[in-house]
Amino acid sequence: MHTVIVAAAVLIEGRRVLLTQRKAGAHLAGSWEFPGGKVEPGEDPKAALARELAEEVGIVVRIGEIVDVTFHRYDDANKAVLLLFYDAERTTDSPDPSAIDVAALRWATADELESADFPPADVAILAKVRHRLSCLV
Ligand SMILES: Nc1nc2c([nH]c(=O)n2[C@H]2C[C@H](O)[C@@H](COP(=O)(O)OP(=O)(O)OP(=O)(O)O)O2)c(=O)[nH]1
């Protein structure tokens, strides 16, 4: 079994976090997730995340601090993932996100983050994001 390094964004605006939905045919198709994707060999994870956000939803971002790191084995897919979750913010001149290379996107409030809609690896980051969103005024 091999381990894939994945970088994903916690992008919060106005008490909502940006989520994307995985495309049909992909691993975990239909799941909602934090936007991002695989880090290529030799690639800086923060650069990979900025690239993925541009490719998938067409936004320009600054990547901030690490929020959480999770390791999860997907035995069904014979792979493991090391997920690096970073804070991200859109630059002032960034376009609004659009579903370019994802099935759909949405901005979710704390109450709308249902663990069952997400990959099993996301349990811990969901708890952190729920807490963070509920502390915002
Ligand atoms: N972007 C993102 N990926 C996540 C999250 N949680 C989680 O388990 N993953 C997993 C799903 C995928 O196995 C992997 C992300 O890889 P990816 O989307 O670039 O690639 P993939 O596996 O669909 O592509 P492929 O192997 O079919 O080429 O990380 C999350 O919150 N965000």
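Attention here is on the structure that accompanies the text. For clarity, every value in this text was computed on a predicted model and none was experimentally measured. Here, residues in each chain are numbered from 1, in the same order as that chain's written sequence. Where totals are concerned, whole chains, interfaces and linings use all residues; where local detail is concerned, this predicted model gives features only for residues with pLDDT of at least 70, and gives and counts side-chain atom pairs only at 80 or more. Here the side-chain values reflect all heavy atoms present in the structure, with hydrogen atoms and water set aside.

Each salt bridge in this description consists of a side-chain nitrogen of Lys or Arg and a carboxyl oxygen of Asp or Glu lying within 4 Å of one another. Counted according to the given criterion, the structure contains 10 salt bridges. In this structure, Glu52 engages Arg51 in a salt bridge whose closest nitrogen and oxygen atoms are separated by 3.3 Å. One salt bridge connects Arg51 with Glu55, and the closest N-O pair in it is separated by 3.4 Å. Linking Arg51 with Glu55, this pair stays in helix α1 (residues 45-57), spanning 4 residues, or about one helical turn. Each residue's exposure class comes from its accessible area (1.4 Å probe, protein chains only) as a fraction of the maximum for that residue type: buried when under 20%, exposed when over 50%, partly exposed otherwise. Looking at Arg51, the relative accessible area reads 23%, which means it is partly exposed. Its relative accessible area of 40% is what places Glu55 among the partly exposed residues. Members of the salt-bridge network, linked through shared partners, are Glu43, Arg51, Glu52 and Glu55. Only DSSP runs of H or I covering at least 4 residues are called helices, and only runs of E covering at least 2 are called strands; the numbering of each starts at the N terminus.

Bringing the side chain of Ser94 into the picture now. Inspection of the secondary structure puts Ser94 in the loop between β7 (79-90) and β8 (104-108). In this structure Ser94 touches Ile59 and Val60, once residues within four positions along its chain are discounted. We call two residues in contact when some of their heavy atoms are within 4.5 Å.

The pairing test for Phe, Tyr and Trp rings, Trp by its six-membered ring, is centres within 6.5 Å, and the orientation test on the planes gives stacked under 30 degrees, edge-to-face over 60, and tilted for anything in between. The tally for this structure, following the rule as stated, stands at 2 aromatic pairs. Aromatic pair Phe34 and Phe85: ring centres 5.9 Å apart, planes at 85 degrees, arrangement edge-to-face. Taken together, the positions of Phe34 in the loop between β4 (32-33) and β5 (36-38) and Phe85 in strand β7 put the pair 51 residues apart, joining distant regions of the chain. According to the relative accessible area criterion, Phe34 is buried, its value standing at 3%. Given the relative accessible area of 1%, Phe85 is considered buried. By the ring-pair criterion, three or more aromatic residues cluster together here, those being Phe34, Phe85 and Phe118. Criterion for a charge above a ring: Lys NZ or Arg CZ within 6 Å of the ring centre, and within 35 degrees of the ring normal. Looking at Arg106, its charged tip hangs above the ring of Trp32, at a distance of 4.5 Å from the centre.

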